[in-house]
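# Examination of the molecular architecture
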Amino acid sequence: MKPEVKPPKKPLIFYYVIVLAIVLLINMLIVPYMGRDQTYELSYSAFLDALDKGYVKQAELTDSSITFVMEIGDSRVTCVTGRVEDPSLVTRMQQAGVEFKKNLPTQISPILEFLLTWIMPIVIFVVLGQFLMRQMSKNMGGGAMSFGKSNAKVYVAAQTGKTFADVAGEDEAKAALKEIVDFLHDPNKYKEIGARLPKGALLVGPPGTGKTLLAQAVAGEAGVPFFSISGSEFVEMFVGMGAARVRDLFKQAQEKAPCIVFIDEIDAIGKKRDAANGLGGNDEREQTLNQLLTEMDGFDGSKGVVILAATNRPESLDNALLRPGRFDRRVPVELPDLAGREAILRVHAKDVKMSDEVNFRAIALATSGTSGAELANIINEGALLAVKEGRNRVEQRDLEEAIETVLAGYQRKGAVISPEEKKIVSYHEIGHALVAARQKASAPVHKITIIPRTSGALGYTMQVDEDEHYLMTREELLNKITTLTAGRAAEELIFHQITSGAANDIEQATKLARTMVTRLGMSDDFGMTALSVVNNMYLGGDTSLACSEQTAARIDEAVMGIIRDAHAKATEILRGDMDKLHELAAFLLERETITGEEFMAILNSPALPAPKEEPEDASAAGDEE
Ligand code: ADP
Ligand code: MG
Ligand code: ZN
């Protein structure tokens with residue numbers, strides 16, 4: 001959906017039309033000569049018969065056939081018959097008064113014949129071949145025939161149609177890029193004072209945070225040519241292509257200076273060159289990277305060529321790329337904060353009919369950790385929901401539902417879940433919510449639902465903070481882990497059995513506990529030691545341990561200890577609150593979705609006489625872990 005400005009590419013249909021035209025032309029020119037009236041084939045005896053009866057008026061002889069015209073009464077037909085060895089034929093025809101002739105063999109000059117039979121097919125093949133080649137190389141973006149030609153597209157100002165106004169939040173990134181735009185508008189201002197702008201700026205951040213969008217906005221604002229190419233486009237079929245295209249790209253850029261070169265997804269070519277890969281590994285990519293480095297060193301930045309690049313895997317980039325004089329400026333494009341999310345929602349809501357009641361801040365609060373792309377998606381899903389329900393304005397509840405759609409998938413309305421399983425899910429979710437509510441440093445419950453989602457979740461509890469946090473205390477983290485274990489704890493207390501429903505909780509709790517131990521210095525044993533490194537901070541952020549095997553074993557123990565304690569605490573809290581657990585689970589089972597307010601109202605109301613279906617023997621299961 002990139003608003004790229006390509007040379008108007010002729011659609012395939014255009015070529016079909018040409019071929020069709022040629023076919024028609026041939027038919028129009030040739031068919032008249034062939035297209036005589038319908039000819040009937042008769043036997044020779046029938047011909048002789050017709051001859052005798054005087055029907056035959058004209059005849060044309062060849063060595064093998066006789067084509068003749070018969071007139072019977074008013075009708076006139078053309079017939080053909082095979083030629084039989086018949087010496088009397090001429091005499092008979094003369095007797096019958098037939099006008100007859102034998103055509104000379106068609107006079108094609110030998111040269112023409114040679115042309116037709118030998119040259120024509122070759123010409124056709126060559127033309128067709130060239131056409132196919134061109135098509136192919138167009139598809140490959142470069143390709144065999146355009147060896148050494150880059151297909152970087154030239155963008156001209158405003159043609160991307162994006163400006164900084166389209167990018168919400170990300171103020172620091174915008175400020176950094178505005179400086180570059182300003183430089184391109186008026187390089188002298190900078191030259192006078194002796195300031196040198198960085199040659200390149202690298203936009204780094206998680207997917208969907210608007211890196212590509214920002215680059216397009218720069219193009220829109222700059223009013224200078226904007227060359228854009230994606231790293232993956234460099235990965236070519238033929239050895240040497242990538243390097244050649246880099247060379248060509250920079251050549252073009254220098255001719256058009258001042259201008260901007262944007263390399264999206266630069267990690268595709270800029271990955272670390274390591275010794276292990278050197279032998280026959282990815283030579284092609286390395287050559288491309290080397291060429292890029294050479295070109296970046298080679299050109300004069302003061303001419304006004306600025307190189308932007310974007311990636312979501314900065315840690316995988318070759319250090320040489322990040323050296324001063326190359327991409328020495330790093331522009332972080334992080335996930336938006338609360339204000340940023342609200343701003344992004346508003347930008348995308350601009351073109352959508354929104355009810356006046358819509359509270360963007362509430363939506364922004366509930367979408368902590370989402371990217372700009374997801375927020376844009378939420379607005380769109382909300383609009384789709386409104387249409388589906390036949391309304392012409394988007395309401396708050398549409399957006400609320402859209403959040404869940406985007407984050408947890410669509411409702412699986414058709415899913416048939418047995419009453420028994422529904423009950424288990426209800427207790428599981430209330431377990432989470434109840435433990436969250438009973439701990440002080442824990443985000444308030446916003447919504448609980450047991451409507452299954454296409455993501456596979458059978459239900460979930462949504463907690464929304466009242467405000468945005470940048471720091472989390474140890475207590476908050478531990479409480480979070482406790483809340484995560486509470487679903488399973490509730491299942492144990494009530495049903496004395498455990499289900500697979502806690503898989504995701506377990507995964508999250510473990511990850512959190514591991515982070516506390518290995519990266520946040522929040523364990524008693526290890527203190528402030530970094531024991532793991534993050535491999536790709538913007539893509540899932542999985543880590544690998546950086547410690548000895550013995551330490552690794554102790555880390556595992558520490559992690560297990562944290563989770564075990566959390567689970568025990570959750571069980572404790574629930575056991576002390578059995579009445580509310582039953583009451584709330586029954587309420588949730590009946591309603592399927594309840595809001596945080598409904599939840600709190602019941603939690604804070606005087607206890608009902610508890611339904612005595614599952615009495616005290618919970619302790620047996622509760623302590624097993
Ligand atoms: P990235 O390149 O960082 O992966 P994109 O620039 O492709 O992300 O963003 C995808 C889409 O998400 C954009 O087209 C835009 O609709 C939306 N988006 C992302 N960030 C923002 C933002 N800060 N302001 C407005 N829209 C945004
Ligand atoms: Mg992108
Ligand atoms: Zn759970």
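Residues numbered from 1 in each chain as written. Chains lettered and ligands numbered in written order. Predicted model: local features only at pLDDT ≥ 70, side-chain atom pairs only at ≥ 80, totals over all residues. Heavy atoms only, no water.

Now for the confidence of the model for the protein chain. Predicted confidence across the protein chain gives a mean pLDDT of 83, with 86% of residues reaching 70 or more. For the stretch residues 1-8, pLDDT sits under 50, and the model shows twelve contacts to residues farther than four places along the chain or on other chains. Taken together, the stretch residues 141-150 has pLDDT below 50 and engages in 20 contacts with residues farther than four places along the chain or on a different chain. (pLDDT = per-residue confidence, 0-100. Contact = heavy atoms within 4.5 Å.)

Per the counting criterion, the structure on display carries five aromatic pairs. The interplanar angle of 50° and the centroid separation of 4.7 Å between the aromatic rings of F47 and F68 together place this pair among those described as tilted. Of the two residues, F47 sits in helix α2 (residues 44-53) while F68 sits in strand β3 (residues 65-72), which places them 21 residues apart along the sequence. F68 matches F47 in its accessibility class, with the two residues each being buried. Each residue in the set Y44, F47 and F68 is aromatic and connected to the rest through ring pairs, giving one cluster. (Phe/Tyr/Trp six-rings, centres within 6.5 Å; stacked < 30°, edge-to-face > 60°. Helix = DSSP H or I, 4+ residues; strand = E, 2+ residues; numbered from the N terminus. Buried < 20%, exposed > 50% of the residue type's maximum accessible area, 1.4 Å probe, protein only.)

Here we come to the pattern of salt bridges. As enumerated under the stated definition, the model contains 23 salt bridges in all. Between E342 and R346 there is a salt bridge; the shortest N-O distance is 3.1 Å. In this pair, E342 and R346 are both assigned in helix α14 (residues 338-349), four residues apart and thus about one turn of the helix distant. Residue classification places E342 among the buried positions, given a relative accessible area of 16%. Note on R346: relative accessible area 44%, which makes it partly exposed. (Salt bridge = Lys/Arg side-chain N within 4 Å of Asp/Glu carboxyl O.)

In this section: a nonpolar patch on the surface. On the surface, I111, L112, F114, L115, L116, W118, I119, M120, V123, I124 and V127 cluster together into a nonpolar patch covering about 1100 Å² of accessible area. Its place among the elements puts L115 in helix α4 (residues 110-140). By relative accessible area, which is 38% here, L115 ends up partly exposed. (Patch = residues over 30% accessible without salt bridge, like charges linked within 9 Å, V, L, I, M, F, W, Y side chains within 5 Å. Areas by Shrake-Rupley, 256 points an atom, 1.4 Å probe, with all protein chains shown as cover.)

Distances from the zinc ion (ligand 3) to its protein donors, H428 (NE2), H432 (NE2), D505 (OD) and D505 (OD), fall within 2.0 to 2.8 Å. Metal-centred angles of 52 to 147° between the four donor atoms at the zinc ion (ligand 3) mark the site as irregular. Exposure remark for H428: the relative accessible area of 5% places this residue in the buried category. (Donors = N, O, S within 2.8 Å, 3.2 Å for Na, K, Ca; no water. Tetrahedral: all angles 85-135°; square planar, octahedral: opposite > 155°, others 65-115°.)

With that out of the way, let us pick up unusual backbone geometry. A positive phi angle is found at E170, which is not glycine, with a value near 50°. As for its placement among the helices and strands, E170 is situated in the loop between β6 (153-155) and α5 (171-185). Using a relative accessible area of 12% as the deciding quantity, one classes E170 as buried. Positive phi outside glycine occurs at E592, with the angle close to 70°. Residue position: E592 is located in the loop between α22 (578-591) and β16 (593-595).

Taken together, the neighbourhood of ligand 1 is formed by 15 residues, with A168, G208, K211, T212 and H348 sitting nearest. Taking G208, its main chain carries an N or O atom lying 2.7 Å from an oxygen atom of ligand 1. Backbone polar atom of L213 to an oxygen atom of ligand 1: 2.8 Å apart, as the coordinates give it. Its free accessible area being 560 Å², ligand 1 has 81% of it covered by the protein chains. Here the shell around ligand 1 gets three residues from one element, more than from any other, and that element is helix α7 (residues 211-222). There are two domains that each give the shell around ligand 1 at least three residues, and those are domain 1 (153-332) and domain 2 (338-407). (Near = heavy atom within 4 Å. Polar contact = N/O pair within 3.5 Å; in protein donor to acceptor, adjacent residues only side chain to side chain. Domains from an automatic or database assignment.)

Right, let's get into the sheet that holds strand β2 (residues 56-61). Pairing is mixed across the open sheet formed by five strands, whose spatial order is β1-β4-β3-β2-β5. Two strands lie at the open edges of the sheet, namely β1 (39-41) and β5 (99-102), each paired on one side alone. For this sheet, the mean inter-axis angle between neighbouring strands, taken without regard to orientation, is 20°. Relative to β3, β2 runs antiparallel, the two sharing five bridges. Directly across from E60, in β3, lies its bridge partner T67. (Pairing = 2+ DSSP bridges. Axes fitted to C-alpha atoms, helices over the stretch in contact; angles between N-to-C directions.)

Across its 14 residues, α22 extends 20 Å between first and last C-alpha, which sits within 8% of the 20 Å expected from 1.5 Å per residue. M578, K580, L581, H582, E583, L584, A585, F587 and L588 are the residues of α22 that are buried. A positive backbone phi angle near 70° is found at E592, which sits one or two residues after α22. (Expected span 1.5 Å × (residues − 1).)

Glancing now at helix α17 (residues 396-408). With 13 residues, α17 extends 18 Å between its outermost C-alpha atoms, agreeing within 8% with the 18 Å of an ideal straight helix rising 1.5 Å per residue. Counting buried residues in α17 gives eleven out of 13 residues, a clear majority hidden from the surface. What α17 keeps buried is the set Q396, D398, L399, E400, E401, A402, I403, E404, T405, V406 and A408. Taken together, the buried residues of α17 touch α15 (360-366), α16 (372-388), β12 (445-449) and β13 (460-463). Looking one or two places after α17, you find G409, whose phi comes out positive at around 95°.

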